[in-house]
Amino acid sequence: MEIALSHPTREDLSVMEAALDVFLRTRYGATRNVMHSVLRMMMEKYRTDRIVLSRCWVSRTGAYVRVMAKNYTAGRECPGCGDDFMCSDVSIISILEGSGADRVCYGCNCGEIFGRVEEKN
Ligand SMILES: [Zn+2]
């Protein structure tokens, strides 16, 4: 049964965006954990398994939190700053494995979050 859920407040949305930004700027394991904890806490608060943010969707399966990009790119450049993300400050936020290809969610130092379909070799 789907019950009506209240939409996260502006304050809570900004907390989640800030947790993403801190991870994108620092890319430490510790800030990744903080980001996941904040996102999971908010999903528990709103009793939902999915929250839509400005740059991404967040979902959870049990304790596992997944971030999925809204924007996808087929190229090698970050859509935000244009840097080649194979050799710049881009980190993987989440990977959704598929049978023929994975959907990888990347986060760039510039604040952009984007996805790319990576064919399996
Ligand atoms: Zn960028």
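Placed above this text is the structure.
Caption draft 1: Inspection of the packing of helix α1 (residues 10-26) against helix α2 (residues 29-45) at higher detail. In contact at an axis separation of 8 Å, α1 and α2 are set at 165° when each is read in the N-to-C sense. Considering their axes alone, α1 and α2 lie roughly antiparallel with respect to each other. Where α1 crosses over α2, the two elements pack in a sense that is left-handed. Across the interface between the two elements, Asp 12, Val 15, Met 16, Ala 19, Leu 20, Val 22, Phe 23 and Thr 26 from α1 touch Thr 31, Arg 32, Val 34, Met 35, Val 38, Leu 39 and Met 42 from α2. Residues belonging to the contact of α1 with α2 are distributed by class as follows: 11 nonpolar, 2 polar and 2 charged.

Caption draft 2: Structural context of α1. Along its 17 residues, α1 runs 24 Å from first to last C-alpha, staying within 8% of the 24 Å computed at 1.5 Å per residue. Elements in contact with the buried residues of α1: α2 and β5 (101-108). Arg 27, located one to two residues past α1, shows a positive phi value of around 55°.

Caption draft 3: Expanded view of the pairing of strand β6 (residues 113-119). Examined bridge by bridge, β5 and β6 share 7 bridges and lie antiparallel to one another. Pairing of Arg 103 across the sheet is with Val 117, part of β6. With antiparallel pairing between neighbouring strands as the criterion, β5 and β6 make up a hairpin whose turn holds 4 residues, including Gly 111 at a positive phi of roughly 105°.

Caption draft 4: Geometry of α2. Between the first and last C-alpha of α2 there are 24 Å, a value that for 17 residues agrees with the 24 Å anticipated at 1.5 Å per step. Of all the residues in α2, the buried ones are Met 35, His 36, Val 38 and Leu 39. In a view along the axis of α2, the buried residues occupy a sector of 160°, so they form one face of it. Those residues of α2 that are exposed and aimed more than 90 degrees away from the buried face are Gly 29, Ala 30, Asn 33, Ser 37 and Glu 44. Tucked into the core, α2 has its buried residues touching α1, β2 (56-61) and β3 (64-69). Once α2 ends, the next one or two residues include Arg 47, with phi positive near 50°.

What counts, and at which threshold
- Residues numbered from 1 in each chain as written.
- Predicted model: local features only at pLDDT ≥ 70, side-chain atom pairs only at ≥ 80, totals over all residues.
- Axes fitted to C-alpha atoms, helices over the stretch in contact; angles between N-to-C directions.
- Helix = DSSP H or I, 4+ residues; strand = E, 2+ residues; numbered from the N terminus.
- Parallel < 35°, antiparallel > 145°, perpendicular 65-115°, else oblique.
- Left-handed = near helix turned anticlockwise from the far one by under 90°.
- Contact = placed C-beta atoms within 7 Å.
- Nonpolar A, V, L, I, M, F, W, Y, C, P; charged D, E, K, R; others polar.
- Expected span 1.5 Å × (residues − 1).
- Pairing = 2+ DSSP bridges.
- Buried ≥ 20, exposed ≤ 12 C-beta atoms within 10 Å, placed from the backbone.
- Arc of directions from axis to C-beta.

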